[in-house]
Amino acid sequence: MKELQEILKAYDVANQENKKSALVTVVHLDGSSYRRPGARMLVNDDGRITGAISGGCLEGDALKKALFAISEQKHTLFTYDTSKADDSEMGIHLGCDGIIQVLFEYIDSDKIDNPIELLRKALANQQNAVIVTLFDLNNNQNNQYGTCLLLEENGTISGDIPLLCFKEYILNDSSIALKNERSEFKQYQFEQINTTAFFEFIQPPISLVVLGAGNDAIPLMKFADILGWDFRIIDRRSTHANKERFPSASQIVVCTPDVALDYIPVHNRTFFVLVTHSYRCDLQMLKSLSSSSLPYIGILGPKKKFDKMLSDFQQDVFELSQDKISTIYSPTGLDIGAETPEEIALSIIAEIQSVLAGKMGGMLKMKNEVIHSRGSLDIQIKDVKVCNEL
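Conventions we followed
Residues numbered from 1 in each chain as written. Predicted model: local features only at pLDDT ≥ 70, side-chain atom pairs only at ≥ 80, totals over all residues. Heavy atoms only, no water. Helix = DSSP H or I, 4+ residues; strand = E, 2+ residues; numbered from the N terminus. Rg over C-alpha atoms; globule rule 2.2 N^0.38 Å. Buried < 20%, exposed > 50% of the residue type's maximum accessible area, 1.4 Å probe, protein only. Contact = heavy atoms within 4.5 Å. 1 Å grid on protein atoms, 1.4 Å probe; cavity = no way out; pocket = protein on both sides within 12 Å on 5 of 7 lines; lining within 4 Å. Points joined across faces, edges and corners; volume = space filled by probe spheres on them. Nonpolar A, V, L, I, M, F, W, Y, C, P; charged D, E, K, R; others polar. Pairing = 2+ DSSP bridges. Axes fitted to C-alpha atoms, helices over the stretch in contact; angles between N-to-C directions. Domains from an automatic or database assignment. Phe/Tyr/Trp six-rings, centres within 6.5 Å; stacked < 30°, edge-to-face > 60°. Lys NZ or Arg CZ within 6 Å of the ring centre and 35° of its normal. Polar contact = N/O pair within 3.5 Å; in protein donor to acceptor, adjacent residues only side chain to side chain.

Under the annotation held in an unreviewed UniProt entry, the protein carries the name XdhC family protein and is attributed to Flavobacterium gawalongense.

(A) Spatial organisation of the overall build of the protein. Looking only at helices and strands, the protein features nine helices and 17 strands. For a compact globule of 390 residues, the expected C-alpha radius of gyration is about 21 Å, and the protein comes in at 24 Å, within 12% of that figure. Seen along its three principal axes, the alpha-carbon backbone of the protein occupies a region of about 70 × 45 × 45 Å. Buried positions account for 47% of the 390 residues belonging to the protein. Considering only contacts in the protein between residues 6 or more positions apart, those separated by 24 or more positions represent 61%.

(B) Looking closely at the layout of surface pockets. Computed from the structure, the second largest pocket encloses a volume of approximately 610 Å³. Along its surface, the second largest pocket is lined by 27 residues, and Lys74, His75, Asn143, Gln144 and Tyr145 are the ones closest to its centre. Broken down by secondary-structure element, the contributors of at least two residues to the lining of the second largest pocket are α2 (59-72), β4 (76-81), β5 (98-107) and β7 (146-152). Here the lining of the second largest pocket is composed, by residue class, of nine nonpolar, 11 polar and seven charged.

(C) Inspection of the sheet that holds β7 at higher detail. Strand order in the open sheet formed by six strands is β8-β7-β6-β10-β9-β17, with mixed pairing between adjacent strands. Looking at which strands have only one partner, the edges of the open sheet turn out to be β8 (157-159) and β17 (379-383). Shown here is a sheet whose adjacent strand axes are inclined to one another by a mean of 20°, direction ignored. Relative to strand β10 (residues 193-202), strand β6 (residues 129-135) is paired through seven bridges, and the arrangement is antiparallel. Looking at the pairing, isoleucine 131 lines up with glutamate 200 of β10. Set on the sheet, helix α3 (residues 115-124) makes contact with β6, β7, β8 and β10; between it and β7 the angle comes to about 20°.

(D) Structural detail: the domain arrangement of the protein. As assigned here, the protein comprises domain 1 (1-110), domain 2 (112-204) and domain 3 (207-365). A C-alpha centroid distance of 37 Å is found between domain 1 and domain 3.

(E) Geometry of the packing of aromatic side chains. Taken as a whole and assessed by the stated rule, the structure comprises six aromatic pairs. Between phenylalanine 231 and phenylalanine 246, the aromatic rings sit 6.2 Å apart at their centres with planes inclined by 20°, giving stacked as the arrangement. Taken together, the residues phenylalanine 231 in strand β12 (residues 230-235) and phenylalanine 246 in the loop between β12 and β13 (251-254) connect sequence positions 15 residues apart. The two residues phenylalanine 231 and phenylalanine 246 agree in class, both being buried. Ring geometry for phenylalanine 271 and tyrosine 296: centres 5.9 Å apart, planes at 40°, overall tilted. Residue phenylalanine 271 is located in strand β14 (residues 270-274), and its partner tyrosine 296 is located in strand β15 (residues 296-299); the two are separated by 25 residues in the primary sequence. Pair check on accessibility: phenylalanine 271 and tyrosine 296 agree, each one buried. Three or more aromatic residues joined by ring pairs make a cluster, and in this case those are Phe271, Tyr296 and Tyr329. Looking at lysine 65, its charged tip hangs above the ring of phenylalanine 78, at a distance of 4.1 Å from the centre.

(F) Spatial organisation of α3. Most of α3 is tucked away: seven of the 10 residues are buried. Those residues of α3 lying buried are Pro115, Ile116, Glu117, Leu118, Leu119, Ala122 and Leu123. Near the N-terminus of α3, the side chain that reaches the backbone nitrogen of isoleucine 116, with its oxygen 2.9 Å away, is that of asparagine 114.

(G) Region of interest: unusual backbone geometry. The omega angle of the peptide bond from serine 330 to proline 331 is 5°, so this bond is cis rather than trans. For proline 331, the location among the structural elements is in the loop between β16 (328-329) and α9 (341-357). At glutamate 181, a residue that is not glycine, the phi angle is positive and equals roughly 60°. Summarising the element assignment, glutamate 181 is placed in the loop between α4 (167-180) and β9 (184-190).

What follows is the structure, encoded as structure tokens:
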């Protein structure tokens, strides 16, 4: 998410300077790669790069191809085969073992729904969305239609499908990807016409809400800023909760925990962390959050602190359901031996990321399977039998 935000900023600057741009996107992968489909970078005609499509091994060659796309004002698709034992033929040294399909799109700033503007809309409305990108895997010399459609959760559609023959199918499959909340690949075929569609599921940024504006919260803000998360801070002390201490916070709320939710927007991608060092404040906040459907509530402090909270709830005839207890992480953070505020913040952010990804947060060296599932890259082939709009 942070990468897309930076790409949008860089594009706006380039436009102001009357510079032309190309968007470079990993659209498919067979095997291993440092980046997954949806990784992007922006290239300006002066050679400036924002974002990345690999760990640094592809960017040099991709820069040349992006400049060519700008000069020709056309979209192109290129295959990087990093599975070869000798990759010196491309003049680059690749450390992965996969076949990477990379799309180079010239950005026409005069088009209202060019790829950059579709991405901007996808991020602007704070809702789930699907971006559709069309390319021809069978022949990279054919026309590459590129990023052409955005479907938002509220039903708004931006852009259009240039291949009328497949339009109805692609719109329907966009809705399915949005409903399933996952990215998918489909290949459509009708006689000699075919195209591959990348349905990229995009979610709004994570909202990290921290109760307690002490020194523990400052590195949490910095990590959130690096990741492109929305950061909000709550504290009853204006001497602590202020813009000087939390310059990148999107919201600073000075109030007591019992009324905090009157000011903070909460949705299913809102993560709360309680770091007040005050048992009473954390207890008040936890009571307020008990009826909210949150994926994560982290509480700083020993396990016996949370045990006491549960006991106090029972005495107050206030019971937390098992489903709610399963979303409470106390002590908060992964077990990495953290002691300093920075180390503790790292462990908390890492735990939140593991919850987001549905992972346990163990060491990769202990995994027996691949790091990322390959099944999500499967392409479903759909034969279109009837087409009346050629």
